[in-house]
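The primary structure of each chain is shown beneath.
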Amino acid sequence: MTKRTVLRRLCAAVVACACAACLALPCAASAAADARLLSAAAVRPEVPGALSSRGRALDTAYALYRKRQLSGAAVTAAQQPAEAGETAVLLCEKAQALVDAGVLDAQTAPALPDGALWATQCAQDGLAEAALMQCGQAAALVSAQWLEPGGPVTAFATSTPAHSEEADEMLRAYRTYLGLDALDDWQPVAPDGFSDGGAALWSAEGQVYVYCTAGPDGVRLGAASLSPQEAAQYGAAGNISEKAAG
């Protein structure tokens, strides 16, 4: 093999390597760009009317928002007859959770009525409800709503008179119990719409409404997801606890 042939082949090899490098360079650059995109944190754009990122990070706020998106804020499923004894035990557990959290005074926790009782239960899109009633001269009512499975109590009502609690204090404790203290934009909602012993707040970031009434007729408290439009509408209309609780 002559020197000229060797030189020609060497030049051809150099040219081939250079061409291969040129062809591989865009692929390498593309792979590097893909790696940068995949490793970078993706920021989800805020959609008008959607729950804020802070609200999505709070389990209760997100669960209530999800319920509203699926089937409205209130539980509208048909109430089904339930065994009274089991329902009484269930409602006592929900009341005790509120007592343990400092929301209810132990003396305000419901004393379940004696005699013939009527119980109902139902569930819908992550929320469950139960109620226990006795009809007669001393009608009594205890009801609760909670997040499934085994989540916090999102509504509670008892005809047992409030012992010594103030609605504002109960509402603060209830908000903490629900894990909503991270929201810092709470604003009063229609305070003039409540009779003495009532309070309500709404957070735009969490799109969540919390309320409490406490007095001689009993205690009612709860939480529900309300859009800004609903909060403005109900706020102008007065007491919205009935609307939120269904």
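1. Brief notes about the packing of aromatic side chains
Tallying each qualifying case throughout the model produces two aromatic pairs. Taken together, a centroid distance of 6.1 Å and an interplanar angle of 20 degrees make the contact between Tyr174 and Tyr177 stacked. Residue Tyr174 and its partner Tyr177 are both found in helix α5 (residues 167–177); the two are separated by three residues, about one turn of the helix. Between Tyr209 and Tyr211, the ring centres sit 5.6 Å apart and the planes meet at 25 degrees, which makes this aromatic pair stacked. Per residue, the accessibility class of Tyr209 equals that of Tyr211, and both read buried.

2. Quick look at the pattern of salt bridges
Under the counting rule described, the total for this entry stands at three salt bridges. Notably, a salt bridge pairs Arg54 with Glu205, separated by 3.3 Å at the nearest N-O pair. Of this pair, Arg54 sits in helix α2 (residues 53–56) while Glu205 sits in the loop between β7 (198–203) and β8 (208–215); the two residues are 151 residues apart in sequence, bridging distant segments of the chain. Judged by its relative accessible area of 26%, Glu205 falls in the partly exposed class. When the shortest N-O distance is used, the salt bridge between Arg175 and Asp181 registers 3.6 Å. On the basis of relative accessibility, which here comes to 42%, the residue Asp181 falls in the partly exposed class. Counted as one network, the salt bridges with shared partners bring together Arg54, Asp184 and Glu205.

3. Topic: α5
Buried residues of α5: Ala167, Met170, Leu171, Ala173, Tyr174 and Arg175, and no others. Buried residues belonging to α5 abut α4 (84–100), β5 (153–158), β6 (186–188), β7, β8 and β9 (218–225). Immediately beyond the C-terminal end of α5, within one or two residues, lies Gly179, with a positive phi of roughly 75 degrees.

4. Quick look at the environment of Gly206
As for its position among the elements, Gly206 is in the loop between β7 and β8. For the pair formed by Gly206 and Arg54, sequence separation is 152 residues and the distance between their alpha carbons is 7.1 Å. Other than its neighbours up to four places away in sequence, Gly206 contacts Leu51, Gly55, Ala61 and Leu183.

Definitions and cut-offs
Residues numbered from 1 in each chain as written. Predicted model: local features only at pLDDT ≥ 70, side-chain atom pairs only at ≥ 80, totals over all residues. Heavy atoms only, no water. Phe/Tyr/Trp six-rings, centres within 6.5 Å; stacked < 30°, edge-to-face > 60°. Helix = DSSP H or I, 4+ residues; strand = E, 2+ residues; numbered from the N terminus. Buried < 20%, exposed > 50% of the residue type's maximum accessible area, 1.4 Å probe, protein only. Salt bridge = Lys/Arg side-chain N within 4 Å of Asp/Glu carboxyl O. Contact = heavy atoms within 4.5 Å.

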